[in-house]
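# Breakdown of the fold
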Amino acid sequence: MNFLKSNRGFTLTELSIALVISSIIALTASVIVVSASNNFNRGSRQIRLQRDVSFANDLLTNSIREASGGTVVIYSDSSETQIVNPGECLKIGTSALYYKSSRDLVYKSGGGQPQHLIRNSIDTLCFFYPTAADSQNCLGFRIALQEDGCSVATTGNVYFRN
Amino acid sequence: MIQSFSNKISAETGTTLVESIVAITLISVIMLGGFQFFVGGKSSINDSGFRRLAIIRAEERLEAANRFEYAVLADSLDETQTVVNLGDLTGLRTTVVTATDDPIDGLAGADLDGDPDDYKQITTTISWPLGGQNQVSLSTSVSADYRQ
């Protein structure tokens, strides 16, 4: 084991080359890891948005479908003061209220607490009557979700059952 | 001992060309394989997004059946390759309404109520091009009393 005591170390050139090579390897590896993690995050965001838009679409479709013509009102916002077309707030019957608050989809029933169904991703929530003649029979809505470069949007026309 | 170690250090046998080629090939195969996970994952996420939107579009078309009288269903709903919006892509929607004769009350002329048109089947198919033809198809049956 005498060689451990040998005074022959590495030369400066050897050290520098080793350093350069290992930093190149480390840089490449970190770039790969960062891009993999970005890809993963982006994928899960996109999946979450798709799930949310599907959920919102089903929820609104079912709620509007159960409504009766003439009992659905579109307001400009949740203060329920200004009746508009199109608008961001939908009142079905006497109590159910769906509206956009900052970037959330909110549902409120009667005097109950507002429930934030989808948070921080609603870009557009818009209710409208597709045609003036059909306003007693049909309601359209458009939802667009957007979060950090991922987006998904859909529109739907729903006919009242009653 | 010192002698043998210094021999080892000064030995000039590195890796042969064949060894390094094999190593490089193995590494690139492994990296390509890993890369495929990203590409495949991304395209399947995209694909599922278009599929969801296509299902929503198809449901919307079936929903529209609610507007029309039974007698005019076929005239009102039948369509061939209407362009629909699927986010970043456009899809083509085809709706077919077919009269169906249910054997439960007799077939054709033997029908109890004399009407072989027992119910109508509405089928909506949406197709979109993305790495080959993708399509979803939804269908529903309605009887003459469906609006009551």
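Owing to the predicted nature of the structure, the values given are computational and were not obtained by experimental measurement. (Residues numbered from 1 in each chain as written. Chains lettered and ligands numbered in written order. Predicted model: local features only at pLDDT ≥ 70, side-chain atom pairs only at ≥ 80, totals over all residues.)

### Observations regarding the overall build of chain A
Short version of the rule: Only DSSP runs of H or I covering at least 4 residues are called helices, and only runs of E covering at least 2 are called strands; the numbering of each starts at the N terminus. Atoms counted for the radius of gyration: C-alpha only. Globule rule: 2.2 Å times residue count to the power 0.38. Counts of 20 or more other C-beta atoms within 10 Å of a residue's own C-beta define buried residues, counts of 12 or fewer define exposed ones, and intermediate counts define partly exposed ones; C-beta atoms are placed from the backbone. Contacts here follow a simple rule: the backbone-placed C-beta atoms of the two residues must lie within 7 Å.
Check the secondary structure of chain A and you find one helix and eight strands. Ordering the α and β elements of chain A from the N terminus gives α-β-β-β-β-β-β-β-β. Scaling as 2.2 N^0.38, a compact globule of 162 residues should have a C-alpha radius of gyration of about 15 Å, whereas chain A reaches 28 Å, well beyond that. For chain A, the C-alpha atoms occupy an extent of roughly 95 × 30 × 25 Å along the three principal directions. The burial tally for chain A puts 22% of its 162 residues in the buried class. Restricting to contacts in chain A with at least 6 residues of sequence separation, those with at least 24 account for 39%.

### Remarks on the interface of chain B and chain A
Applicable threshold: Put simply, Ala, Val, Leu, Ile, Met, Phe, Trp, Tyr, Cys and Pro go in the nonpolar bin, Asp, Glu, Lys and Arg in the charged bin, and everything else, Gly too, in the polar bin.
Counting residues at the interface gives 17 residues for chain B, matched by 17 residues for chain A. Of all elements in the fold, only α1 (2-10) and α2 (17-64) of chain B reach the threshold of two or more residues within the side of chain B that touches chain A. Among the elements that line the side of chain B that touches chain A, the one with the most residues is α2(B), at 11 residues. The residue inventory of the side of chain B that touches chain A, partitioned by class, reads seven nonpolar, five polar and five charged.

### Looking at the packing of helix α1 (residues 12-65) of chain A against α2(B)
Rules: Between the N-to-C directions of two axes lies an angle of 0 to 180 degrees, each axis being a line fitted to C-alpha atoms and, for a helix, fitted only over the stretch in contact. Our angle categories are set so that under 35 degrees counts as roughly parallel, over 145 as roughly antiparallel, 65 to 115 as roughly perpendicular, and the remainder as oblique.
Closest axis-to-axis distance for the α1(A)/α2(B) pair is 10 Å, and the angle between their directions is 10°. Relative to α2(B), the element α1(A) is oriented roughly parallel. Between α1(A) and α2(B), the residues in contact are A:Asn39, A:Gly43, A:Gln46, A:Ile47, A:Gln50, A:Ser54 and A:Asn57 and B:Phe38, B:Gly41, B:Lys42, B:Ile45, B:Ser48, B:Gly49, B:Arg52 and B:Ile56, respectively.

### A closer look at the pairing of strand β2 (residues 89-92) of chain A
All names here are of chain A. To keep it simple, the criterion reads: The pairing criterion for strands is at least two bridges between them, as found by DSSP.
Looking at chain direction, strand β1 (residues 72-75) and β2 are connected through four bridges and run antiparallel. Residue pairing in the sheet places Val 72 in a bridge with Ile 92 of β2. Two elements, β2 and strand β3 (residues 96-101), share four bridges in a ladder whose sense is antiparallel. Bridge pairing links Cys 89 to Tyr 99 in β3.

### A closer look at the nonpolar core
In a soluble, globular protein the nonpolar side chains are often hidden away together inside. Put simply, the rule reads: Nonpolar cores are identified as sets of buried Ala, Val, Leu, Ile, Met, Phe, Trp, Tyr and Cys residues joined via C-beta atoms within 7 Å.
Counting 26 residues, the largest nonpolar core has A:Val53, A:Ala56, A:Leu90, A:Leu105, A:Leu139, A:Ile143 and A:Leu145 as the members making the most contacts within it. Only α1, β1, β2, β3, β4 (104-109), β6 (122-128), β7 (138-147) and β8 (150-159) of chain A provide two or more residues apiece to this core. A:Leu90 has contacts with A:Val72, A:Ile74, A:Tyr98 and A:Phe127, leaving out every residue within four places of it along the chain. Ranked by size, the runner-up nonpolar core spans eight residues in total, among them B:Ile56, B:Ala58, B:Ile126 and B:Trp128.

### Examining the environment of A:Val72
All names here are of chain A. You can see Val 72 is positioned in strand β1. Under the C-beta neighbour-count criterion, Val 72 is labelled buried, with 22 such atoms within 10 Å. A sequence separation of 36 residues divides Val 72 from Ala 36, and the C-alpha atoms of the two residues are 47 Å apart. Ignoring sequence-local partners within four residues, the contact set of Val 72 consists of Ala 67, Leu 90, Ile 92 and Leu 139.

### What about the confidence of the model for chain A?
Let me state the cut-off plainly: Known as pLDDT, the predictor's per-residue confidence is scaled from 0 to 100.
The predicted model of chain A has a mean per-residue pLDDT of 89, with 96% of residues at 70 or higher. By mean pLDDT, β8(A) is the weakest element of chain A at 88, and strand β5 (residues 115-118) of chain A is the strongest at 94.

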